[in-house]
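Each chain, letter by letter, is given below.
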Amino acid sequence: MAMYTIKNARFMLACCFVLFSPWLKAQPLQVGEFHALLIANQNYEYWDNLNTPFKDVDKISSILRNRYGFNTKIIKDASSADIIDAIDEYRSTLSSRDNFLLYYAGHGEVRADSSYWVGVNGRRNTSGNWVDLNRINSLIDSDSGMRARHVLVIADSCFSGHFFRGNEQFFAPLNTDSLAWHQAQIRTTSRTAFTSGANEPVLDRASNQSTHSVFAQELIRRLNNQHSVISAGKLHNLIEKDVFARARRANQVQSPQYGSISGTGHSGGDFVFIPQNQRTAFIHHNTATQSNNRNNTRGNNSSTTNDRANAIRISGLNAEKQTLLDNCNNGNTSDCVSLGYDFDIGDGVPQNYTKASELYLKGCEGGEARGCTNLGVLYEKGRGVTQNYTKARDLYLKGCEGGEARGCTNLGVLYEKGRGVTQNYTKARDLYLKGCEGGNAYGCTNLGVLYEKGRGVTQNYTKARELYLKGCEGGNVNGCTNLGYLYDEGRGVTQNYTKARDLYLKGCEGGEARGCTNLGFLYYEGLGVTQNYTKAGELYLKGCEGGSSIGCNNLGINYEFGNGVDKDLVKSLSFYQKACNLGHEKACNKLN
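Residues numbered from 1 in each chain as written. Predicted model: local features only at pLDDT ≥ 70, side-chain atom pairs only at ≥ 80, totals over all residues. Heavy atoms only, no water.

Enquirer: Pulling in residues and values, what's your account of the nonpolar core?
Expert: Ranked by size, the top nonpolar core spans 72 residues in total, and within it Ile314, Leu325, Phe343 and Leu359 carry the most contacts. Excluding anything up to four places from it in sequence, Leu359 contacts Ile312, Ile314, Leu325, Cys328, Cys336, Val337, Leu339, Gly340 and Phe343. Grouped together as the second largest cluster of nonpolar side chains are 40 residues, Ala36, Phe194, Ala216 and Leu235 included. (Core = buried A, V, L, I, M, F, W, Y, C linked by side-chain atoms within 4.5 Å. Buried < 20%, exposed > 50% of the residue type's maximum accessible area, 1.4 Å probe, protein only. Contact = heavy atoms within 4.5 Å.)

What follows is the structure in structure tokens.
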């Protein structure tokens, strides 16, 4: 509780300073540059090799560069001395405004009261040439030469929870999306650590088909799909439960930790990730706010009256949501979109598409590309507004032009399907490419479909495979299922039922109904797995419940002929009916 009290008090002082000091000249926020050093140790001389660190840092580095404007440096298979030297180099080059992220993926070990990172040359039974985490702490200490204002250490290794030893209280960030709150964090020095687990072993990967570690996979997914400013503390809050759940499925306990690093100069701030298309608005937000407050203080009543007239009024909000609404009505359009999303999905408020649409509109009109895209989704789906593909098209275009990759992808879907526009696969291709290059995994997958089908492009299974892989690795499970199908059929790749099985499983576990159905077919036929009608039936059921017409139809066949189940014509007809309702023509013929 003490930590919350301190942070609230500091935030309130900052707000009061802005509101009641109108005579001070407003200045843009000084953010500095963002630098990341990513160390991946995978191939060891004396320890077991790891499977995922290289791919982990390659992907994370790409996201940090392309989405958040970081300058990144990757070191692979570093010795203990290499690790120390690389960090030390940044101490002499970073300025007092800069932000430094240190990422380590590799073996970790514990001895007595100390924890260590292990260089690739580290021996098993002696810690003499391991990297003591206390040494890392000394290198990032603001009193020992590390000038960066913010330092975040992300450690995907065993026993890295030692970073927090000596802290009586963990850093507990407020659950807020407010730009003003994030600006307060930027202004105050921070030294924090984000670890993949506590003082415990952590998973390299959850299964043989996993491309990334359990922790890295969730970090990648969140950073890649984040469309607004976010603190490292909130990033931890979003990832923690997902990592824990995935680890439990692999019979492992793994609990990511986040906190300040004792004795290194932490002053209560937090590391903040700023998407490149949000940077200008974030830096100048305080200037606009102070300018508006100065006008109001001097009695600009017409402006105040107009603001009141346009204010969105919502009753019954808790303190956190009310703050977002107040910020929204005071010109912080990012908070309009954030609160709109809360109403869209029912997070902390009753789900209400109408209120979501009002808030998205205010955000969109204020220059928030996310708001335009999200409002476009409501118009496309007819949620809280009358369904209107033409309006959805215009809003997606505005979002896309504002740098919102989802807007480009969603607009591409309209052109592919011919909704609100004349069907045009070439335009769909260009928009999917723009979405994919902007980091939207759905764009990559959808572009892959065009290459697989030869729509708007020359049919190319190899290109489809590359795009499906990119989509799958970016967290789009449709890409995993589609890639599995290429391996299943041997299109653009050597036919490989084992790889198909692994990719279908990944799709199925991610909620992709076709992945469950296709995996069921492999079990039904005994392709890449031992033939098992019962297992096939279970997977068909999961696919059917997820909306796969083929899954429902295949269950109908199983019950009709007693494949893995007792013959039951009533159940058979029931599943055929479900399949027919989902558009499966052969199932409809069965009913007739």
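Enquirer: Which residues make up the packing of aromatic side chains, and what values go with them?
Expert: Aromatic rings considered in pairs are described by the distance between their centres and by the relative angle of their planes. Counted under the stated rule, the structure contains 15 aromatic pairs. By way of ring pairs, the aromatic residues Phe34, Tyr68, Phe70, Phe271 and Phe273 are connected into one cluster. In this structure, Lys76 is placed above the aromatic ring of Phe54, and the distance from its NZ or CZ to the ring centre is 4.9 Å. Above the ring of Trp47, the side-chain terminus of Arg124 is found at 4.1 Å from the ring centroid. (Phe/Tyr/Trp six-rings, centres within 6.5 Å; stacked < 30°, edge-to-face > 60°. Lys NZ or Arg CZ within 6 Å of the ring centre and 35° of its normal.)

Enquirer: Go over the packing of helix H15 (residues 405–417) against helix H17 (residues 441–453) with me, naming the residues and quoting the values.
Expert: Each pair of packed helices gets described by two things: the angle between the helix axes and the distance between those axes. Running from N to C, H15 and H17 cross one another at 25°; their axes reach a closest spacing of 9 Å. Put simply, H15 runs roughly parallel to H17. Of the two elements, H15 crosses H17, and the hand of that crossing is left-handed. Packed against H15, whose contacting residues are Thr409, Val413 and Glu416, the element H17 presents Tyr442, Gly443, Asn446 and Leu450 at the interface. (Axes fitted to C-alpha atoms, helices over the stretch in contact; angles between N-to-C directions. Helix = DSSP H or I, 4+ residues; strand = E, 2+ residues; numbered from the N terminus. Parallel < 35°, antiparallel > 145°, perpendicular 65-115°, else oblique. Left-handed = near helix turned anticlockwise from the far one by under 90°.)

Enquirer: Would you mind going over the pairing of strand S3 (residues 99–105) in detail, with residue names and values included?
Expert: When you tally the buried positions in S3, you get 7 out of 7 residues, the bulk of the element. Of the two faces of S3, the one lined by Asn99, Leu101, Tyr103 and Ala105 and the one lined by Phe100, Leu102 and Tyr104 are each fully buried. Across 7 bridges, S3 lies against strand S7 (residues 150–156) in parallel orientation. Paired with Phe100 across the strands is Val151, a residue of S7. (Pairing = 2+ DSSP bridges.)

Enquirer: Kindly report on the sheet that holds strand S6 (residues 131–132), identifying the contributing residues and their values.
Expert: Whenever strands of a sheet pair, they do so through backbone hydrogen bonds, lying parallel or antiparallel. A sheet is described by the order of its strands in space; here 3 strands give the open sequence S4-S5-S6, paired in antiparallel fashion. Across the chains shown, the open sheet's two edge strands, defined by having one partner strand only, are strand S4 (108–111) and S6. Of the pairings in the sheet, the one linking strand S5 (residues 114–117) to S6 comprises 2 bridges and is antiparallel in character. Bridge pairing in S6 links Trp117 to Val131.

Enquirer: Please give an account of helix H14 (residues 389–401) that cites residues and values.
Expert: Taking 1.5 Å as the rise per residue, H14 with 13 residues should run 18 Å; its terminal C-alpha atoms sit 18 Å apart, in good agreement. For H14, the elements touching its buried residues are helix H12 (353–365), helix H13 (369–381), H15 and helix H16 (425–437). The N-cap residue of H14 is Asn388: its side-chain oxygen and the backbone nitrogen of Thr390 are 3.0 Å apart. Residue Gly403 follows H14 closely and has a positive phi angle near 95°. (Expected span 1.5 Å × (residues − 1). Polar contact = N/O pair within 3.5 Å; in protein donor to acceptor, adjacent residues only side chain to side chain.)

Enquirer: Provide a residue-level description of the side chain of Glu368, including the pertinent values.
Expert: Within the fold, Glu368 resides in the loop between H12 and H13. The contacts of Glu368, once residues within four sequence positions are left out, are Gln278, Thr333, Ser334, Val337 and Gly363.

Enquirer: Tell me what's going on with the sheet that holds strand S10 (residues 257–260), and back it up with residues and numbers.
Expert: Taken in spatial order, the 6 strands line up as S2-S1-S3-S7-S8-S10 in an open sheet, and their pairing is mixed. A single partner strand is all that each edge strand has here, and the edge strands are strand S2 (71–76) and S10. Strand after strand, the sheet turns through a mean of 15° between neighbouring axes, direction not considered. Note that S7 and strand S8 (residues 190–195) share 6 bridges and pair parallel. Within S8, the residue paired with His150 across the bridge is Ser190.

Enquirer: I'd love a proper account of the pairing of S5, names of residues and values included.
Expert: Along S5, one buried face is formed by Ser114 and Tyr116 and the opposite face, lined by Ser115 and Trp117, is buried too. Pairing analysis gives 4 bridges linking S4 to S5, with the strands arranged antiparallel. Residue pairing in the sheet places Val110 in a bridge with Ser115 of S5.

Enquirer: An account of the confidence of the model for the protein is requested, with residue identities and associated values reported.
Expert: On average, residues of the protein score 83 in pLDDT, and 84% of them are at 70 or above. Mean pLDDT across the elements of the protein bottoms out in helix H1 (residues 2–20) (28) and peaks in strand S1 (residues 34–40) (96). Predicted confidence is poor over residues 1–26, with pLDDT under 50, and the contacts of this stretch with residues over four places away or in other chains come to 35 contacts. (pLDDT = per-residue confidence, 0-100.)

Enquirer: An account of the packing of H12 against H13 is needed here, citing residue identities and associated values.
Expert: One way to put it is that H12 packs onto H13 with a least axis distance of 8 Å and a crossing angle of 145°. Pair H12 / H13 crosses with left-handed handedness. Here Tyr353, Ala356, Ser357, Tyr360, Leu361 and Cys364 of H12 lie close against H13, whose contacting residues are Gly371, Cys372, Asn374, Leu375 and Leu378. For the contact of H12 with H13, the per-class residue count stands at 8 nonpolar, 3 polar and no charged. (Nonpolar A, V, L, I, M, F, W, Y, C, P; charged D, E, K, R; others polar.)

Enquirer: Please provide a residue-by-residue account of the environment of Glu489, values included.
Expert: With respect to the helices and strands, Glu489 occurs in helix H19 (residues 477–489). With relative accessibility at 37%, the residue Glu489 sits in the partly exposed group.

Enquirer: Which residues make up the state of the cysteines, and what are the values?
Expert: Inspection of every chain in the model, using the stated rule, returns 8 disulfides. Each sulfur of the disulfide joining Cys472 and Cys480 lies 2.1 Å from the other. As the torsion about the S-S bond is roughly 90°, the Cys472-Cys480 disulfide counts as right-handed. Classification of Cys472 as buried rests on a relative accessible area of 4%. Residue Cys480 is classed as buried on the basis of its relative accessible area of 1%. (Disulfide = S-S within 2.5 Å.)

Enquirer: Could you give me a rundown of the environment of His35, with the residues and numbers involved?
Expert: Assignment of secondary structure puts His35 in strand S1. The spatial distance from the C-alpha of His35 to the C-alpha of Leu94 is 8.6 Å, given a sequence separation of 59 residues. With near-sequence residues (within four places) excluded, His35 lies in contact with Phe70, Asn71, Tyr90, Leu94, Asp98, Asn99, Phe100 and Leu101. At 3.1 Å, the side chain of His35 and the side chain of Glu33 are in polar contact.

Enquirer: Give a description of helix H11 (residues 333–345) that names residues and reports values.
Expert: The first and last C-alpha atoms of H11 sit 19 Å apart over 13 residues, in line with the 18 Å expected at 1.5 Å per residue. In terms of burial, H11 is largely enclosed, as 11 of its 13 residues are buried. Listing the buried residues of H11 in full gives Thr333, Ser334, Asp335, Cys336, Val337, Ser338, Leu339, Gly340, Asp342, Phe343 and Asp344. Residues of H11 that are buried make contact with helix H5 (179–187), helix H10 (319–329), H12 and H13. One or two steps after H11, the chain reaches Gly346, where phi turns positive at roughly 75°.

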